[in-house]
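Tertiary structure, described
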Amino acid sequence: MGLRESPYSSHFLGGLDAVCRELLYPSYWLLSQLLALQQTTAEKQELRSRKCPPPHALEVLAKGPFLLLLLVLYVPFCLLGLLLWLPLQAARRPFAYQHTPRQASPEEWALPGTGKAFHFVSANLCLLPDGLAKFSNLAQTQWRAAHIAQALVQAARHAVLPHKGSAGSGTRKGCREQKSRATESSPLRTCPGSPATDTHVAVKGPLQEGEAPLPREITASFPPNMDFLCLQEVFDQDAISCLLRLLGPHFEHILYDVGTYGLLGCSSFKLLNSGLFLASRYPLLEVQYHCYPNSRGEDTFAAKGLLCVQVQLAASQGQRIVGYMNCTHLHAPETDGQVRCDQLTMALGWAQAFQETHAQAGDIVAFDVFCGDLNFDNCSPGGSRAGEAGGRWSGRPGGLSASPPPLSPDDKREQAHEIFSVYTDPCRVGPGQDEPWALGTLMNSQAIYDEAVATPETMKRTLEHSEGRKKYLAGPVQASACPDLSAPRSEGRRIDYILYREHQSPAGLKTVSGEALACSLGT
């Protein structure tokens, strides 16, 4: 039996939830508009470019009290909706599901046989309500959601099916003990705490003995033949609706509104869901979500957690060929390294338990992927992490030192976590040291509106040069809030990951991976 689309088991409960959300929406919108009165860097630049710009303070004085008055007047209706909505969460499954039937079914995969490529994209989209997005120096959430969806759809329309073992982006299974060369891809996040990352893994063909690894690959568009999307920070409900409408025809199976609300299943009151959004071309067999119980600060209000999915890829001689995806978004504040370490430990245990519970005798595991925004890098030299205001700066990129700098206890816990001994990070050499071709996925938030990175094409050209990377990629976090110009640097902070794990298989499958940096979300 397939997954139920509604998170509620009855139409009555689903309808009641819709009524409650309609009651809550005006207060949500008014509060968002009130917070959105602050300006982004781009809005300030636009005002300065006008000959006689109206003072921003005048706009705040005109709109602020009016919005605040409406919000106060609507509070009784909001409380009524909240009192009705919160008890409903006990009956709500922690995710919603959209199924868009398509005529074409996935290709039968015969084993033993040729290899097969699966393409993964992981991106933090920062699709927050407008008011909260302003704190990340972003605006126009609805416009950005439509732009991102159109970019994904445009890439999906250029897909070449079925997926053969040819050059492309994705994690590939089915190669038998064959050396392959790969490039790495991950698009950039365009806000301070969340990247717009498109990370996909690519296989380019056999690597001849003695041949050097490929240099980094930077692309201006999403890869074609995308099979799986793992998106983070898709919080805004209108943005979710936009993504569902545009992506549905290209991705048959979509999980959205993932997470719990209120006090259900978590240690603190949750106003926002987890922000996770997963789209797949292949059928979903099992889905499970876990909420992290140890959040702090601003992350307390979001139900961040781990989404585990078992995917049906094909069948061969009566055996299921399945894949596992584990998608997450870890704790954000930089000073809370121990919180992230504890979350990684919990996620590792949950992922293992999920696979043990839902595996069947004879299953062939084609891939096991752990991906998402982990909110720490593998290049910062250590010390207590700087705060958001001064800690993220655009440092001069350079080659990795032969011996990485000593790490503080916090950095050791994150960069040397057990997960990296279970799952493989193709961009990583070891704790504190990435491959020379690996690029950061976090941009300098104060420069995201510059013309040099305003479009995917200009961003690609800019990041192909060391000076461009120096200016626009966020550099490693130093021990103090001020940049240490003598400290060794990497090619930017890579805080978005796609990890994979090998499984023993009677078919002799072996994963060959690679990545590339995509500038698709430069707008």
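The structure displayed is predicted, hence computed values, not measured ones.

1. Examining the overall build of the protein chain
Helix and strand counts for the protein chain stand at twelve helices and 19 strands. Every one of the 523 residues in the protein chain was classed for burial, and the buried ones make up 57%. Contacts in the protein chain between residues far apart in sequence, at least 24 positions, make up 82% of those at least 6 positions apart.

2. Some thoughts on the nonpolar core
Core analysis: the largest hydrophobic core is formed by 33 residues, its most contacted members being Phe118, Phe228, Leu255, Leu307, Leu313, Met325 and Phe367. Put simply, the parts of the chain that give this core at least two residues each are strand 9 (228-234), strand 12 (284-291), strand 13 (305-316), strand 14 (319-329) and strand 15 (364-373). By size, the runner-up hydrophobic cluster in this structure holds 28 residues, among which are Leu127, Ala149, Tyr256 and Phe277.

3. Points about the side chain of Asn124
Considering the arrangement of structural elements, one finds Asn124 in strand 3 (residues 120-127). Within the structure, Asn124 has its side chain in polar contact with the side chain of Asp373 (distance 2.7 Å).

4. Remarks on unusual backbone geometry
A positive phi angle is found at Asn137, which is not glycine, with a value near 65°. Within the fold, Asn137 resides in the loop between helix 4 (130-133) and helix 5 (141-157). Its identity as a non-glycine residue notwithstanding, Asp257 has a phi of 50°, on the positive side. Residue placement: Asp257 occurs in the loop between strand 10 (253-256) and strand 11 (277-280).

5. What to know about the pattern of salt bridges
In total, this model carries 16 salt bridges according to the counting rule given. We note a salt bridge from Arg493 to Glu334, for which the minimum N-O separation is 3.1 Å. On the criterion of sequence distance, the pair formed by Arg493 in the loop between helix 12 (466-472) and strand 18 (496-500) and Glu334 in the loop between strand 14 and helix 7 (337-358) is long-range, its members being 159 residues apart. Among the residues examined, Arg493 registers a relative accessible area of 0% and is labelled buried. We classify Glu334 as buried; its relative accessible area is 5%.

6. Some details on the packing of aromatic side chains
Taken as a whole, this structure holds 15 aromatic pairs when the rule is applied. Consider the rings of Phe228 and Phe367, whose centres lie 5.4 Å apart with planes at 70°: the pair is edge-to-face. Here the residue Phe228 occupies a position in strand 9, and Phe367 occupies one in strand 15, the gap between them amounting to 139 residues. Of the two residues, Phe228 and Phe367, neither departs from the other in class, the shared state being buried.

7. A word on the sheet that holds strand 14
Pairing is mixed across the open sheet formed by five strands, whose spatial order is 12-13-14-15-18. Looking along the sheet, the strands with just one partner apiece sit at the ends: strand 12 and strand 18. Pairs of neighbouring strands in the sheet enclose a mean axial angle of 15°, with direction left out of account. Judged from the ten bridges that link them, strand 13 and strand 14 form a sheet pairing that is antiparallel. Paired with Gln310 across the strands is Tyr324, a residue of strand 14. Where helix 7 meets the sheet, its contacts fall on strand 12, strand 13, strand 14 and strand 15, and the angle it forms with strand 13 comes to roughly 35°.

8. What about the confidence of the model for the protein chain?
In this model, the protein chain carries an average pLDDT of 78, and 75% of its residues clear a pLDDT of 70 or more. Ranking the elements of the protein chain by mean pLDDT puts strand 6 (residues 184-185) last with 30 and strand 10 first with 97. Overall, residues 384-409 carries pLDDT values under 50, and its contacts beyond four positions in sequence, including any with other chains, amount to 82 contacts. Across residues 481-489, confidence stays below pLDDT 50; counting only partners more than four residues off in sequence or on other chains, it has 18 contacts.

9. Overview of the state of the cysteines
Under the definition given, this model contains zero disulfides. Distance from the sulfur of Cys327, which forms no disulfide, to the nearest cysteine sulfur (Cys230) is 3.1 Å.

10. Some words on the sheet that holds strand 9
If you walk across this open sheet you meet the five strands as 1-10-11-9-3, and the pairing is mixed. Of all strands in the sheet, those bounded by a partner on one side alone are strand 1 (96-99) and strand 3. Averaged over all pairs of adjacent strands, the angle between their axes in this sheet comes to 15°, without regard to strand direction. Alignment of strand 9 against strand 11, held across four bridges, turns out to be antiparallel. From the neighbouring strand, Cys230 faces strand 11, where its bridge partner is Leu278. Strand contacts of helix 5: strand 3 and strand 9, with the helix running at about 165° to strand 3, the strand carrying the most contacts. In the packing of helix 6 (residues 237-247) onto the sheet, the strands contacted are strand 1, strand 3, strand 9, strand 10 and strand 11, and the crossing angle to strand 10 comes to about 175°.

11. Section: helix 1 (residues 11-35)
Here helix 1 spans 35 Å end to end across 25 residues, near enough to the 36 Å set by a 1.5 Å rise per residue. At Leu24, helix 1 shows its maximal bend, which comes to roughly 35°, and the proline Pro26 appears one to four places after that position. Listing the buried residues of helix 1 in full gives Leu13, Asp17, Cys20, Leu24, Ser27, Leu30 and Ser32.

12. Re the pairing of strand 10
Side-chain alternation along strand 10 places His253 and Leu255 on one buried face and Ile254 and Tyr256 on a second face that is also buried. Summarising the sheet, strand 1 and strand 10 pair through four bridges and their orientation is antiparallel. Considered in strand 10, the bridge of His99 is made with His253. Bridge count between strand 10 and strand 11: three bridges; the pairing is antiparallel.

13. Digging into the packing of helix 5 against helix 6
Helix 6 packs onto helix 5 with a crossing angle of 20° between their chain directions and a minimal axis gap of 9 Å. The orientation of helix 5 relative to helix 6 falls into the category roughly parallel. Our pair here, helix 5 against helix 6, has a crossing hand that is right-handed. Across the interface between the two elements, Thr141, Gln142, Ala145, Ala146, Ala149, Gln150, Leu152 and Val153 from helix 5 touch Asp238, Ala239, Cys242, Leu243, Leu246 and Leu247 from helix 6. Per-class residue counts for the contact of helix 5 with helix 6 are ten nonpolar, three polar and one charged.

14. Observations regarding the pairing of strand 9
Among the seven residues that make up strand 9, seven are buried, leaving the element largely enclosed by the rest of the structure. Relative to strand 9, strand 3 is paired through six bridges, and the arrangement is parallel. Its bridge partner being in strand 9, Leu127 is matched across the sheet by Val234.

Cut-offs and rules
- Residues numbered from 1 in each chain as written.
- Predicted model: local features only at pLDDT ≥ 70, side-chain atom pairs only at ≥ 80, totals over all residues.
- Heavy atoms only, no water.
- Helix = DSSP H or I, 4+ residues; strand = E, 2+ residues; numbered from the N terminus.
- Buried < 20%, exposed > 50% of the residue type's maximum accessible area, 1.4 Å probe, protein only.
- Contact = heavy atoms within 4.5 Å.
- Core = buried A, V, L, I, M, F, W, Y, C linked by side-chain atoms within 4.5 Å.
- Polar contact = N/O pair within 3.5 Å; in protein donor to acceptor, adjacent residues only side chain to side chain.
- Salt bridge = Lys/Arg side-chain N within 4 Å of Asp/Glu carboxyl O.
- Phe/Tyr/Trp six-rings, centres within 6.5 Å; stacked < 30°, edge-to-face > 60°.
- Pairing = 2+ DSSP bridges.
- Axes fitted to C-alpha atoms, helices over the stretch in contact; angles between N-to-C directions.
- pLDDT = per-residue confidence, 0-100.
- Disulfide = S-S within 2.5 Å.
- Expected span 1.5 Å × (residues − 1).
- Bend = angle between axes of the 7 residues up to and from the residue.
- Parallel < 35°, antiparallel > 145°, perpendicular 65-115°, else oblique.
- Left-handed = near helix turned anticlockwise from the far one by under 90°.
- Nonpolar A, V, L, I, M, F, W, Y, C, P; charged D, E, K, R; others polar.

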